[in-house]
Amino acid sequence: MEKQHPLSELLGSTIGQIRTMADANTIIGEPIHTGDVTLIPVSRLSFGIGGGGSDFVTKNQRPEAANSFGGGTAASAKLEPVAFLVIRGDNVRLLPVAPPPATTADRIIETVPDVVDKVTSFWEKQQEKKGSASDVEGDIDE
């Protein structure tokens, strides 16, 4: 059986710890229910990992003795909230947590869904008014 190097053990342990942090529930959080609204947090996970090591023989160590080892690993993780999915009935919206958009084009793109909703609502109301106005005219003619 081949001897496993201590650096492999160090890196394996570090990667195992990151693997436990980086599951789907970390990115898409547990739903929060408040009355008829459900909020689902969405986050971004960034991480980095590094490691290194060395085998060396000291001048006082005999060549037939096991080599010394010096090594280490490091890991860093950052979890930051990005947005919330807001669910109310059949309506689902994405509410960003990030700062407001910086450019005019970003602002326009961000407001397009609201404008479409408002225009659609206005159009439906106008159609209802036309329908009820023609009903009233039909009643007067009779």
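Up top is the structure these notes are about.
The notes below deal with the structure included here. Bear in mind the structure is a predicted one, so any value in this text is a computation, not a measurement.

To continue, consider the layout of surface pockets. In this structure, the largest pocket spans a volume of roughly 200 Å³. As for the largest pocket, its lining consists of Val86, Arg93, Leu94, Leu95, Pro96, Glu110, Pro113 and Asp114. Residue assignment for the lining of the largest pocket shows that the elements contributing at least two residues are β4 (91-96) and α3 (104-141). The class makeup of the residues in the lining of the largest pocket is five nonpolar, no polar and three charged.

This next bit is on a nonpolar patch on the surface. Residues Ile108, Val112 and Val116 make up a contiguous nonpolar surface patch of about 250 Å² in total accessible area. Its location among the elements puts Val116 in helix α3. By relative accessible area, which is 46% here, Val116 ends up partly exposed.

On to the pattern of salt bridges, then. Per the counting criterion, the structure on display carries four salt bridges. With a closest N to O distance of 3.9 Å, Arg44 and Glu80 form a salt bridge. Of this pair, Arg44 sits in strand β2 (residues 37-56) while Glu80 sits in strand β3 (residues 68-88); the two residues are 36 residues apart in sequence, bridging distant segments of the chain. One salt bridge connects Arg93 with Asp114, and the closest N-O pair in it is separated by 2.5 Å. Residue Arg93 is found in strand β4, and its partner Asp114 is found in helix α3; the two are separated by 21 residues along the sequence. Looking at Asp114, the relative accessible area reads 34%, which means it is partly exposed.

Another point: the environment of Ala98. As for its position among the elements, Ala98 is in the loop between β4 and α3. With 15 residues separating them in the primary sequence, Ala98 and Ala83 have C-alpha atoms 7.3 Å apart.

The subject of this paragraph is the side chain of Thr38. Summarising the element assignment, Thr38 is placed in strand β2. Note on Thr38: relative accessible area 16%, which makes it buried. Within the structure, Thr38 has its side chain in polar contact with the side chain of His33 (distance 3.2 Å). Residues contacting Thr38, with those up to four places away along its chain left out, are Pro31, Ile32, His33, Leu85, Val86 and Ile87.

Rules used throughout
Residues numbered from 1 in each chain as written. Predicted model: local features only at pLDDT ≥ 70, side-chain atom pairs only at ≥ 80, totals over all residues. Heavy atoms only, no water. 1 Å grid on protein atoms, 1.4 Å probe; cavity = no way out; pocket = protein on both sides within 12 Å on 5 of 7 lines; lining within 4 Å. Points joined across faces, edges and corners; volume = space filled by probe spheres on them. Helix = DSSP H or I, 4+ residues; strand = E, 2+ residues; numbered from the N terminus. Nonpolar A, V, L, I, M, F, W, Y, C, P; charged D, E, K, R; others polar. Patch = residues over 30% accessible without salt bridge, like charges linked within 9 Å, V, L, I, M, F, W, Y side chains within 5 Å. Areas by Shrake-Rupley, 256 points an atom, 1.4 Å probe, with all protein chains shown as cover. Salt bridge = Lys/Arg side-chain N within 4 Å of Asp/Glu carboxyl O. Buried < 20%, exposed > 50% of the residue type's maximum accessible area, 1.4 Å probe, protein only. Polar contact = N/O pair within 3.5 Å; in protein donor to acceptor, adjacent residues only side chain to side chain. Contact = heavy atoms within 4.5 Å.

These figures capture arrangement, not role.
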